[in-house]
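# Analysis of the macromolecular model
Take a look at the letters that make up each chain.
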Amino acid sequence: MTHSMLAMQALDKGDVRLTEVPIPTPEDGQALVKMELASICGSDLHIVDYGWLVEEYPLRPGYPGHEGIGTVVDANGTALHNGDRVLVTPAIWDSLCFAEYQALGANFLTVLPEASDQQPDHLLMAQQLGTVIFGAKRLPNLLGQTCVVMGQGSAGLFWNFVLKHLGADRVIAIEPISHRLEVGAGFGSDYRIGETFDAATRAVLDLTGEGADVVVEAIGTKETHGQAMDLVRPDGQIVWFGVPQSAESIPFDFDTFFRKRIAAYSPLGAQDELELSSFRQALRWINDGLIDMTEIVTHSFPLPRIDEAFSAARKREDGAVKIVVTMR
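These figures come from a predicted structure and were not determined experimentally.

Here we take up the layout of surface pockets. There is about 240 Å³ of room inside the second largest pocket. In terms of lining residues, the second largest pocket is bounded by 14 residues, among which Pro-24, Arg-60, Pro-61, Leu-96 and Ala-103 are the most central. At the level of secondary structure, the elements contributing two or more residues to the lining of the second largest pocket comprise strand 2 (15-22) and strand 6 (101-105). When residues of the lining of the second largest pocket are assigned to their parent elements, the largest contribution, 4 residues, is made by strand 6. Across the lining of the second largest pocket, the residue classes break down as 10 nonpolar, 2 polar and 2 charged.

As structure tokens, this is what we get:
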């Protein structure tokens, strides 16, 4: 094995390049993983392009990739074994999946099913699906409920699926990009609204009267964060799932929040869950064919074309939903 590897590095906002750096040495409790695949999350764009969680550029090589699949090449005394293929789900602030190798705690690694008919890039989607499963565990009983999902990127599509799986009667999807809105039908959306902001709010109120029982914000902008309170009914529930574009304060309409008696939360911590149970659940669903990732994984780029991969994720054109990066 050589002593250096290729990795992505963000030199400045929106400026991602390929660099060559030393292969990391695993510390106690860590394993060394040779990465095979990674995928670009909306939160990666918020970090790279807008500076969320960033104190200064350039960023660490490999950061902020947190959705990966690889093979353990040095178990380093952990309970893993060399040769284990693993789902890589590091905490977002210590995530280095856009690199050929990564040393990380064994507590962030889940061994993939030995016998699987699923493509590796489909199994990779278990990371984001797992965060949605984790976030949904705090919801009330959804039987017969009406839910709104704001955004139909991969996270929003997974929310459609999970909400219907949990018994939601109606799922209303909001998304201005037509191909993503159409994909949402296959993941459980019953109504699809191609408008945004005030027009979308009016459309939801026309369908629901007072608003939805549950609103999931899966975009992560200041505007949609506040709009969620207009879409939910009195005594309803909001899940602020989309991470913010920056660390700047988000204006908050406390009067509406107070008068409508809204309950709200923002889920974080799937990576700290005991035995990574939500990620394991996601892997089972994908491996068993309960959820089909064919329309989710739409584009693939090799690591040396990482700038093109991020550009495709930003533009969201040509049917793009989820962008995968291969290390070979």
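The subject of this paragraph is the pairing of strand 2. Sheet analysis places strand 1 (residues 4-12) next to strand 2, joined by 8 bridges and oriented antiparallel. Across the sheet, residue Ala-7 finds its bridge partner in strand 2, namely Thr-19. Counted along the chain from strand 1 to the antiparallel partner strand 2, the turn is 2 residues long, and its residue Gly-14 has a positive phi close to 75°.

Going through the model one piece at a time under the given rule, you end up with 12 salt bridges. Residue Glu-273 is joined to Lys-137 by a salt bridge in which the shortest nitrogen-to-oxygen separation is 2.7 Å. Of this pair, Glu-273 sits in the loop between strand 13 (263-265) and helix 9 (277-287) while Lys-137 is found in the loop between helix 3 (126-136) and strand 8 (146-150), placing the two residues 136 residues apart along the sequence. When its relative accessible area of 17% is taken as the criterion, Glu-273 is described as buried.

Here we come to unusual backbone geometry. With an omega of 0°, the peptide bond between Tyr-57 and Pro-58 qualifies as cis. Counting through the fold element by element, Pro-58 comes out in the loop between helix 1 (42-50) and strand 4 (68-74). Its identity as a non-glycine residue notwithstanding, Asp-235 has a phi of 65°, on the positive side. Topologically, Asp-235 is positioned in strand 12 (residues 232-240). Its identity is not glycine, yet Asp-318 carries a phi of approximately 55°, on the positive side. Within the element layout of this structure, Asp-318 appears in the loop between helix 10 (306-315) and strand 15 (322-326).

What follows deals with the pairing of strand 6. Residues in a regular strand point their side chains to alternate faces of the sheet. Of all 5 residues in strand 6, 5 are buried; the element is thus mostly enclosed. The pairing of strand 3 (residues 30-39) with strand 6 spans 5 bridges and is classified as antiparallel. Along strand 6, the bridge assignment pairs Ala-31 with Leu-104.

The subject of this paragraph is the nonpolar core. Grouped together as the largest cluster of nonpolar side chains are 46 residues, with contacts concentrated most on Met-125, Leu-129, Leu-139, Trp-159, Leu-163 and Ile-291. Among all residues touching Leu-129, those that are not within four sequence positions of it are Phe-158, Val-162, Ala-282, Trp-285, Ile-286, Ile-291 and Met-293. In terms of nonpolar packing, the next biggest core, distinct from the first, is built from 40 residues, Ile-40, Leu-45, Val-54 and Val-325 among them.

What follows covers the side chain of Thr-146. Among the secondary structure elements, Thr-146 is positioned in strand 8. Only 3.1 Å separates the side chain of Thr-146 from the side chain of Arg-170, close enough to count as a polar contact. Excluding anything up to four places from it in sequence, Thr-146 contacts Arg-170, Ile-172, Thr-208, Ala-212, Asp-213 and Val-214.

Relative to the assigned elements, Val-215 resides in strand 11 (residues 212-217). The exposure class assigned to Val-215 is buried, which follows from its relative accessible area of 0%. Considered as a pair, Val-215 and Ile-238 are 23 residues apart in the sequence and their alpha carbons are 4.8 Å apart. Residues within four places of Val-215 in sequence aside, it is in contact with Val-148, Met-150, Ala-228, Leu-231, Val-232, Gln-237, Ile-238 and Val-239.

Take helix 7 (residues 222-231) next. Listed as buried for helix 7 are Thr-224, His-225, Gln-227, Ala-228, Met-229 and Leu-231. For helix 7, the elements touching its buried residues are strand 8, strand 9 (170-174), helix 6 (197-208), strand 11, strand 12 and helix 8 (254-259).

This next bit is on helix 10. Think of an α-helix as 3.6 residues a turn; residues three or four steps apart then line up on the same face. When we look at burial in helix 10, the residues that qualify are Ile-306, Ala-309, Phe-310, Ala-312 and Ala-313. Viewed along the axis of helix 10, the buried residues span an arc of 155°, placing them on a single side of the element. Buried positions along helix 10 lie against strand 1, strand 2, helix 1, strand 14 (297-302) and strand 15. Just downstream of helix 10 lies Arg-316, where phi reads positive at about 55°.

What counts, and where the lines are drawn
- Residues numbered from 1 in each chain as written.
- Predicted model: local features only at pLDDT ≥ 70, side-chain atom pairs only at ≥ 80, totals over all residues.
- Heavy atoms only, no water.
- 1 Å grid on protein atoms, 1.4 Å probe; cavity = no way out; pocket = protein on both sides within 12 Å on 5 of 7 lines; lining within 4 Å.
- Points joined across faces, edges and corners; volume = space filled by probe spheres on them.
- Helix = DSSP H or I, 4+ residues; strand = E, 2+ residues; numbered from the N terminus.
- Nonpolar A, V, L, I, M, F, W, Y, C, P; charged D, E, K, R; others polar.
- Pairing = 2+ DSSP bridges.
- Salt bridge = Lys/Arg side-chain N within 4 Å of Asp/Glu carboxyl O.
- Buried < 20%, exposed > 50% of the residue type's maximum accessible area, 1.4 Å probe, protein only.
- Core = buried A, V, L, I, M, F, W, Y, C linked by side-chain atoms within 4.5 Å.
- Contact = heavy atoms within 4.5 Å.
- Polar contact = N/O pair within 3.5 Å; in protein donor to acceptor, adjacent residues only side chain to side chain.
- Arc of directions from axis to C-beta.

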